[in-house]
Amino acid sequence: MPLYEYRCQKCDHLFELFVRLGREPELKCPRCGSTEVRKAFSLFGTTAAGSASGSTSSGAACAPSG
Ligand SMILES: [Zn+2]
């Protein structure tokens, strides 16, 4: 079974997904549940070297009550 990498456009979470031949998988982020995911390149594997841009993750202050 082919394995593809997908990246969530919402939380930027990278996850793998098994894709069946001729069938599109349910593109859903396992983290936030968003369906805004894009296919990532998995041929090159993990990126070891590259231009690292300063990332400042500003977490949401308000949390869901419950
Ligand atoms: Zn997500």
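Fair warning: this is a prediction, and the values are worked out from it, not measured in the lab.

Draft legend 1. Examining the pairing of strand E1 (residues 3-8) more closely. Taken together, the 5 bridges between E1 and strand E2 (residues 14-18) define a ladder with antiparallel strand orientation. The residue of E2 that forms the bridge with Tyr 4 is Leu 17. Linking two consecutive strands that pair antiparallel, namely E1 and E2, is a turn of 5 residues; a positive phi of about 60° is found at Asp 12 within it. Judged from the 4 bridges that link them, E1 and strand E3 (residues 37-40) form a sheet pairing that is antiparallel. The partner of Cys 8 across the bridge, within E3, is Val 37.

Draft legend 2. Here's a closer look at the confidence of the model for the protein. With 64% of its residues at a pLDDT of 70 or more, the protein has an overall mean of 75. Here residues 48-52 is modelled with pLDDT under 50, and outside its nearest four sequence neighbours on either side it reaches 0 contacts, counting other chains as well.

Draft legend 3. Expanded view of unusual backbone geometry. Positive phi outside glycine occurs at Asp 12, with the angle close to 60°. Within the secondary structure layout, Asp 12 lies in the loop between E1 and E2.

Draft legend 4. Main features of the environment of Leu 17. Here Leu 17 is to be found in strand E2. The exposure class assigned to Leu 17 is partly exposed, which follows from the 16 C-beta atoms found within 10 Å. With 13 residues separating them along the chain, Leu 17 and Tyr 4 place their C-alpha atoms 5.3 Å apart.

Draft legend 5. Region of interest: the environment of Arg 31. Inspection of the secondary structure assignment puts Arg 31 in the loop between E2 and E3. Separated by 20 residues in sequence, Arg 31 and Cys 11 place their C-alpha atoms 7.9 Å apart. When residues no more than four places from it in sequence are discounted, the contact partners of Arg 31 are Cys 8, Cys 11 and His 13.

Conventions we followed
Residues numbered from 1 in each chain as written. Predicted model: local features only at pLDDT ≥ 70, side-chain atom pairs only at ≥ 80, totals over all residues. Pairing = 2+ DSSP bridges. Helix = DSSP H or I, 4+ residues; strand = E, 2+ residues; numbered from the N terminus. pLDDT = per-residue confidence, 0-100. Contact = placed C-beta atoms within 7 Å. Buried ≥ 20, exposed ≤ 12 C-beta atoms within 10 Å, placed from the backbone.

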